[in-house]
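Now for the letters of each chain:
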Amino acid sequence: MTRPKRPRCIRSHPIIKEFRPEGVEERGEVTLSLEEFEAIRHIDFEGLDQSRAAEIMNVSRQTFGRILKAGRFNLSNALVNAYRLKVEGGCYLITGNGSDYGRHGRGRGYGRRGRGPGTGRGKGQGNGLDKGK
């Protein structure tokens with residue numbers, strides 16, 4: 001059994017849901033996931049470098065590169081072969097205006113150990129034994 005994907009952070013849903021070639025009969029369709037769309041937007045539209053874009057999307061730089069490569073392939077496949085391009089799906093989390101972007105931008109309690117009492121170093125209620133008194 002594979003490990004579940006960590007959700008990628010995206011700002012918002014795109015305004016347009018699909019593009020269709022005009023003047024050509026419909027030949028097929030290609031789906032561009034929302035995280036692929038977001039990766040292409042960060043690199044090609046906003047001009048960010050891969051490390052900053054990966055930090056914003058809360059993934060490693062290598063994972064970001066794979067997402068970008070898949071997105072560019074799907075986009076070029078739709079353009080070259082005159083397929084309808086749908087933008088939907090994927091494993092993502094909407095983060096809003098960007099104020100809480102990045103790996104370290106969420107604050108306490110979202111680490112590997114989860115939330116709640118007793119989940120961090122020196123935090124929580126302990127085991128009920130009064131050792132120092």
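In what follows, the structure referred to is the one given above.
Residues numbered from 1 in each chain as written. Predicted model: local features only at pLDDT ≥ 70, side-chain atom pairs only at ≥ 80, totals over all residues. Heavy atoms only, no water.

### Section: unusual backbone geometry
Moving on, step 1. Of note in the backbone geometry, asparagine 58 takes a positive phi value of approximately 65° without being a glycine.
Moving on, step 2. Mapped onto the elements, asparagine 58 comes out in the loop between α2 (50–57) and α3 (61–81).
Moving on, step 3. Positive phi, close to 55°, is recorded for alanine 82, a residue that is not glycine.
Moving on, step 4. Residue position: alanine 82 is located in the loop between α3 and β4 (84–87). (Helix = DSSP H or I, 4+ residues; strand = E, 2+ residues; numbered from the N terminus.)

### Focus: α3
Moving on, step 1. Its 21 residues place the ends of α3 30 Å apart at the C-alpha level, agreeing with the 30 Å of an ideal helix rising 1.5 Å per residue.
Moving on, step 2. Burial in α3 covers these residues: Thr63, Phe64, Ile67, Leu68, Gly71, Asn74, Asn77 and Ala78.
Moving on, step 3. In this structure, the buried residues of α3 make contact with β1 (8–10), β3 (29–32), α1 (34–45), α2 and β4.
Moving on, step 4. Looking one or two residues past α3, alanine 82 carries a phi angle of roughly 55°, positive in sign. (Expected span 1.5 Å × (residues − 1). Buried < 20%, exposed > 50% of the residue type's maximum accessible area, 1.4 Å probe, protein only. Contact = heavy atoms within 4.5 Å.)

### Observations regarding the pattern of salt bridges
Moving on, step 1. Within this structure, the stated rule accounts for 9 salt bridges.
Moving on, step 2. Two residues, arginine 11 and glutamate 46, come together in a salt bridge whose shortest N-O distance is 3.2 Å. Of this pair, arginine 11 sits in the loop between β1 and β2 (18–19) while glutamate 46 sits in the loop between α1 and α2, and the two are 35 residues apart along the sequence.
Moving on, step 3. In this structure arginine 11 comes out as partly exposed when scored by relative accessible area, which is 28%.
Moving on, step 4. As a salt-bridge pair, arginine 84 and glutamate 18 come within 3.9 Å of each other at their nearest N and O atoms. Placement of arginine 84 in strand β4 and of glutamate 18 in strand β2 is noted, with a sequence separation of 66 residues between them.
Moving on, step 5. The buried category is assigned to arginine 84, whose relative accessible area is 15%.
Moving on, step 6. The partly exposed category is assigned to glutamate 18, whose relative accessible area is 26%.
Moving on, step 7. Salt bridges here are not isolated pairs; linked through shared partners, they connect Arg11, Glu38, Arg41 and Glu46. (Salt bridge = Lys/Arg side-chain N within 4 Å of Asp/Glu carboxyl O.)

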